[in-house]
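In case you want the letters, here they are:
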Amino acid sequence: MKTAIDTQVDTRFTSRRRYLDDTASTILTLSQYSNKAVAVFFPSFRYAEEAFTRLREISSDIRLSLQPRFSSVAEANGFLAMALSGSNALFLVLGSVFSEGIDVLGGQVDTAMIVSPALPEVNPLQEAKMQAMSTMGRKEAFRRTYLIPGMRKVNQALGRLVRVPGHRARVLLHCRRFAEPVYRELLDPVCRDVSVLQSPEEMLAWLTTEENSVALPS
């Protein structure tokens, strides 16, 4: 699995709308360098819907599929089987059924993008968990309450892309936070040796470098 971190964007809740055009444009670029559907994982349905709408406005030609709210793994697998054959990009939501037995993506996706570390929403329940671990110090309480659960969702999604020997995928982690040590150390070990991209030129170089590139049909 070839992985890179896109540090050009900040996907925190307070910043993500400011970078929405960048997110949409990045998905479009990835789709142009892949001969299969690009799987794009978001931390919430709302975020996925906003990016889906913006990309539709940017490009009327791109074929997109947006994940509905599934009631079962079987329903999710059915949606994916159909969407993979008819879309340039799939907009999916981290967690939910993707923490379970979704096996359709393995070998069917050669490029994926994970938008945001997917930290839990700040709410009274999470703050109560933080308070319960206050003796550990706020930094460790934050790590256990927010960072570990959020990055677990990221790693679960990554695990759906390479299921057996022979599967390969190119993955873009879309947020500058992924480059911070506290996030990076929680990535699946197969993804810790990553390229850090800081400009459109570096993104293009990563996409077209032979070891990272996907052979496009002639």
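A brief report on the enclosed structure follows. (Residues numbered from 1 in each chain as written. Predicted model: local features only at pLDDT ≥ 70, side-chain atom pairs only at ≥ 80, totals over all residues. Heavy atoms only, no water.)

**Considerations on the packing of aromatic side chains**
Moving on, step 1. Across all of its chains, the model carries four aromatic pairs by this definition.
Moving on, step 2. Through successive ring pairs, a cluster of aromatic residues spans F42, Y47, F52 and F91.
Moving on, step 3. Residue placement shows R69 over the ring face of F45; its charged tip is 4.0 Å from the ring centre.
Moving on, step 4. For R170, the ring lying beneath its charged end belongs to W206, and the centroid distance is 6.0 Å. (Phe/Tyr/Trp six-rings, centres within 6.5 Å; stacked < 30°, edge-to-face > 60°. Lys NZ or Arg CZ within 6 Å of the ring centre and 35° of its normal.)

**As for the sheet that holds strand β5 (residues 111–115)**
Moving on, step 1. If you trace the seven strands from one edge of the open sheet to the other, you get β3-β4-β2-β5-β6-β1-β7, paired in parallel fashion. Two strands bound the open sheet, and with one partner strand each, they are β3 (64–66) and β7 (195–197). Strand after strand, the sheet turns through a mean of 20° between neighbouring axes, direction not considered.
Moving on, step 2. Sheet strands in contact with helix α2 (residues 45–58) are β2 (38–42), β3, β4 (89–93) and β5, and its direction is about 160° off that of β3.
Moving on, step 3. Here helix α3 (residues 73–86) sits on the sheet and contacts β3 and β4; the angle it forms with β4, its principal contact strand, is near 155°. (Pairing = 2+ DSSP bridges. Helix = DSSP H or I, 4+ residues; strand = E, 2+ residues; numbered from the N terminus. Axes fitted to C-alpha atoms, helices over the stretch in contact; angles between N-to-C directions. Contact = heavy atoms within 4.5 Å.)

**Thoughts on the pattern of salt bridges**
Moving on, step 1. According to the stated counting rule, one finds eight salt bridges in the structure shown.
Moving on, step 2. Its salt-bridge partner being D21, residue R54 comes within 2.5 Å of it at the nearest N-O pair. With a gap of 33 residues between them, R54 in helix α2 and D21 in helix α1 (residues 20–32) connect regions that are remote in the sequence.
Moving on, step 3. Its relative accessible area of 25% is what places R54 among the partly exposed residues.
Moving on, step 4. The salt bridge involving R54 is made with E57; its shortest N-O contact spans 2.8 Å. Here R54 pairs with E57, and both are found in helix α2, just three residues apart, close to one helical turn.
Moving on, step 5. Residue classification places E57 among the exposed positions, given a relative accessible area of 55%.
Moving on, step 6. If you follow the salt bridges from partner to partner, you end up with E140, R143, R144 and E185 in one network. (Salt bridge = Lys/Arg side-chain N within 4 Å of Asp/Glu carboxyl O. Buried < 20%, exposed > 50% of the residue type's maximum accessible area, 1.4 Å probe, protein only.)

**Some points on unusual backbone geometry**
Moving on, step 1. Positive phi is not limited to glycine here, since S116 has a value of about 85°.
Moving on, step 2. Non-glycine residue A118 carries a positive phi angle of around 65°.
Moving on, step 3. Along the chain, A118 falls in the loop between β5 and α4 (124–132).
Moving on, step 4. Owing to a relative accessible area of 3%, A118 belongs among the buried residues under this scheme.

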